[in-house]
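What follows is each chain in one-letter form.
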Amino acid sequence: MNHVQRRGLLLVMSSPSGAGKTTLSRRLLAADPMITMSVSVTTRAPRPGEVNGRDYHFITHEEFGRLRDRGDLLEYAEVFGNFYGTPRRPVTEALQAGRDVLFDIDWQGTQQLGAAMQDDVVRIFILPPSAEELRERLIGRAQDSASTVAKRMAKAADEISHWPEYDYVIVNDDIGKASVEIEAILTAERLRRRRQVGLTDFVRGLTKAL
Ligand code: ADP
Ligand code: 5GP
């Protein structure tokens, strides 16, 4: 049981496509019941095996425009010619309940989230161990056409150039090692004094009994 009440945090993971965000996210979600995934909306078509409502909410351009215009998106961006955005309500609800939220969003979304909720955001950038390995992972994922893989490789340098905007940088060589590193970051960030909003009460009770 937690003795001290705390505020939830927003854990953002960005990387060039294929570096391993999705794999690392799934491992973290399986290992830690206090963090939930923010499921984005997107206008891109589902990949084989992707499930609507779990991986993304797959929506039309018209629906996307409506959500954006109503202010229902916490952030949004155009990536590879498709639109992606974060629904606002689930994030607000999780934070209020003291739960953490995990985001797989690009550097544009990370900047917007940082501007909107600065104190609550923790940013992790995932790098591939080499360009060769990145290409192999994109091809090995076997979900995209050769031209899509080429497009993603061409955009990788652009995405990577934003690494200095992140709080932590992890090279995803060994998946087990990278997972442990992410869990360590989450543990430490949860223990930050300002996030432990119940500390004053806890210490007051503690010292009264001394
Ligand atoms: P992203 O979400 O960043 O686009 P994925 O998680 O889909 O990347 O990973 C791309 C591919 O690389 C997948 O086939 C995944 O299984 C593989 N992969 C991820 N991390 C590693 C790793 N550390 N070692 C080897 N393969 C990996
Ligand atoms: P993919 O099509 O491979 O699932 O995602 C492509 C890129 O879009 C990735 O870099 C991913 O992080 C980013 N992305 C996914 N959802 C969102 C979102 O809601 N907002 C933003 N800004 N980027 C997103």
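See the structure shown above.
## Focus on helix H3 (residues 88-96)
Here is step 1 of the chain: Val91, Ala94 and Leu95 are the residues of H3 that are buried. The buried side chains of H3 occupy one side of the element, clustering within an arc of 100° when seen end-on. For H3, the exposed residues set more than 90 degrees away from the buried face come down to Arg89 and Gln96.
Here is step 2 of the chain: Looking at the buried side of H3, the elements it contacts are strand E1 (10-14), strand E5 (73-79), strand E6 (82-87) and strand E7 (100-104).
Here is step 3 of the chain: Phi turns positive one or two residues past the end of H3, at Gly98, with a value near 75°.

## Section: the site of ligand 1
Here is step 1 of the chain: Looking at ligand 1, there are 15 residues lining it, with Gly18, Thr22, Thr23, Arg141 and Asn172 nearest.
Here is step 2 of the chain: Backbone polar atom of Gly18 to an oxygen atom of ligand 1: 2.7 Å apart, as the coordinates give it.
Here is step 3 of the chain: In the complex, the protein chains occlude 76% of the 570 Å² of accessible area that ligand 1 would expose alone.
Here is step 4 of the chain: Counting only elements with at least two residues in the shell around ligand 1, the list comes to helix H1 (21-31) and helix H5 (131-140).
Here is step 5 of the chain: A total of three residues in the shell around ligand 1 trace back to one element, the largest contributor, which is H1.
Here is step 6 of the chain: Broken down by class, the residue content of the shell around ligand 1 amounts to three nonpolar, seven polar and five charged.

## Side note on the sheet that holds strand E3 (residues 41-42)
Strands pair in a sheet through their backbones, by hydrogen bonds, and they do so in one of two ways: parallel or antiparallel.
Here is step 1 of the chain: Judged by pairing direction, the sheet is mixed, and its four strands sit side by side in the order E4-E3-E6-E5 without closing on themselves. Only two strands of the sheet have a single partner each, and these edge strands are strand E4 (57-58) and E5.
Here is step 2 of the chain: Packing against the sheet, helix H2 (residues 61-69) makes contact with E3, E5 and E6, and its axis sits at approximately 140° to E5.

About the criteria used
- Residues numbered from 1 in each chain as written.
- Chains lettered and ligands numbered in written order.
- Predicted model: local features only at pLDDT ≥ 70, side-chain atom pairs only at ≥ 80, totals over all residues.
- Heavy atoms only, no water.
- Buried < 20%, exposed > 50% of the residue type's maximum accessible area, 1.4 Å probe, protein only.
- Helix = DSSP H or I, 4+ residues; strand = E, 2+ residues; numbered from the N terminus.
- Arc of directions from axis to C-beta.
- Contact = heavy atoms within 4.5 Å.
- Near = heavy atom within 4 Å.
- Polar contact = N/O pair within 3.5 Å; in protein donor to acceptor, adjacent residues only side chain to side chain.
- Areas by Shrake-Rupley, 256 points an atom, 1.4 Å probe, with all protein chains shown as cover.
- Nonpolar A, V, L, I, M, F, W, Y, C, P; charged D, E, K, R; others polar.
- Pairing = 2+ DSSP bridges.
- Axes fitted to C-alpha atoms, helices over the stretch in contact; angles between N-to-C directions.

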